[in-house]
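# Results of the structural survey
The primary structure of each chain is shown beneath.
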Amino acid sequence: MREALDEAKLDALMISSPGEENLGMASRYYTSGFTGSAGVVLVTRERAIIAADFRYTEQAERECVPRGFEVFPALGGRKEWFAKFAGEAGIAGKRVGLATHDRRMQAGALLTWLSRALPAADRPKWLPAPDIIGRLRKVKDPEEVVLLQRAIDISDAAFEAARTRPRTGDHRSSGR
């Protein structure tokens, strides 16, 4: 991902923006392993951080820390925690890309609004990002290939079992 940041001339990538967390669930999960419904992922050249509110901090610690993520407790109102998050993440004045799915929902406008909680010099520059996560998701590592094959095997076995068993109410099995 960091190589992709370099290629895109970005200092960081934000996946899911505050208030639009559900929209980026698949990319957030792929990147961080987080299965909760609300959380914001930020990957910089040096750090990987997930902001999660009080409902999800323990879950984020359990799921994301093993993948190298820091957990930021997103406490208080959006403006309040986001200003602190941006400051602690060190994205002031940096080029921060927004994941593709967020652009469709005009996350840039929301993030600009949130950034107003920061002094002008501390605001990041929000930019549309290329589909970094989508490109990465296309390439499967050996573990993903094993899981995909397992899912295929289970589906094949279920289909075969359903195909060969008589069904209740099936006229062919009753001789009619």
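What counts, and where the lines are drawn
Residues numbered from 1 in each chain as written. Predicted model: local features only at pLDDT ≥ 70, side-chain atom pairs only at ≥ 80, totals over all residues. Heavy atoms only, no water. Helix = DSSP H or I, 4+ residues; strand = E, 2+ residues; numbered from the N terminus. Buried < 20%, exposed > 50% of the residue type's maximum accessible area, 1.4 Å probe, protein only. Lys, Arg positive; Asp, Glu negative; His and termini not counted. Salt bridge = Lys/Arg side-chain N within 4 Å of Asp/Glu carboxyl O. Contact = heavy atoms within 4.5 Å. Phe/Tyr/Trp six-rings, centres within 6.5 Å; stacked < 30°, edge-to-face > 60°. Core = buried A, V, L, I, M, F, W, Y, C linked by side-chain atoms within 4.5 Å. Pairing = 2+ DSSP bridges. Axes fitted to C-alpha atoms, helices over the stretch in contact; angles between N-to-C directions. Right-handed = clockwise from strand over helix to strand, strands pointing away.

## Section: the side chain of Glu-63
Inspection of the secondary structure assignment puts Glu-63 in helix α3 (residues 57-64). The side chain of Glu-63 sits in the buried core without any salt bridge; Arg-62 is the nearest counter-charge, 4.9 Å away. The contact partners of Glu-63, leaving out residues within four places of it in the chain, are Ser-32, Gly-33, Phe-34, Thr-35 and Gly-36.

## Quick word on the packing of aromatic side chains
For any two aromatic rings, the description comes down to two numbers: the centre-to-centre distance and the angle of the planes. Inspection of the entire model under this criterion finds 7 aromatic pairs. Taken together, a centroid distance of 5.8 Å and an interplanar angle of 85° make the contact between Phe-34 and Tyr-56 edge-to-face. Here Phe-34 is found in the loop between α2 (25-32) and β2 (40-44), whereas its partner Tyr-56 is found in the loop between β3 (48-52) and α3, with 22 residues between them in sequence. By the burial criterion, Phe-34 is buried, and Tyr-56 matches it. Plain terms: the ring middles of Phe-82 and Trp-126 are 6.1 Å apart, the flat faces sit at 35° to each other, and that makes the pair tilted. Taken together, the positions of Phe-82 in helix α4 (residues 78-89) and Trp-126 in strand β6 (residues 125-128) put the pair 44 residues apart, joining distant regions of the chain. Judged by relative accessible area, Phe-82 falls into the buried class, the value being 0%. Aromatic ring contacts, followed pair by pair, group Phe-72, Trp-81, Phe-82, Phe-85 and Trp-126 into a single cluster.

## Examining the nonpolar core
Residues Leu-13, Ile-50 and Phe-69 are the most contacted members of the largest nonpolar core, which totals 21 residues. Listed by contribution, the elements that provide at least two residues to this core are α1 (2-8), β1 (12-15), β2, β3, α3 and α7 (132-138). The leading source of residues in this core is β3, at 3 residues. If we skip the residues at most four places from it in the chain, Phe-69 touches Thr-31, Ser-32, Val-41, Val-43, Ala-48, Ile-49, Ile-50 and Cys-64.

## Focus on the sheet that holds β2
The 6 strands are arranged β4-β3-β2-β1-β5-β6 in an open sheet whose pairing can be described as mixed. Each end of this open sheet is capped by a strand with a single partner; those strands are β4 (70-73) and β6. Adjacent strand axes in the sheet meet at a mean angle of 25°, parallel and antiparallel pairs treated alike. With 4 bridges joining them, β2 and β3 adopt antiparallel strand pairing. Residue pairing across strands places Val-40 opposite Ala-51, the latter belonging to β3. Running over the sheet, α4 touches β1, β2, β3, β4 and β6 and is turned about 20° from β2.

## Examining the pairing of β4
Sheet topology places β3 next to β4; 4 bridges connect them, and they run parallel. Its bridge partner lying in β4, Ile-50 is registered against Val-71. Once you follow β3 into α3 and on to β4, the crossover reads as right-handed.

## Observations regarding the pattern of salt bridges
The final tally for this structure, using the stated rule, is 6 salt bridges. A salt bridge links Arg-135 to Glu-7, with the nearest nitrogen and oxygen atoms 3.5 Å apart. Here Arg-135, found in helix α7, pairs with Glu-7, found in helix α1; they are 128 residues apart in sequence, far enough to count as distant. A relative accessible area of 41% places Arg-135 in the partly exposed class. For Glu-70, the salt bridge is made with Arg-47, and the minimal N-O distance between the two is 2.6 Å. Remark: Arg-47 occurs in the loop between β2 and β3 and Glu-70 occurs in strand β4; sequence separation between them is 23 residues. On the basis of relative accessible area, Glu-70 is assigned to the partly exposed category, the value being 33%. One salt-bridge network, held together by shared partners, links Asp-6, Asp-11 and Arg-45.

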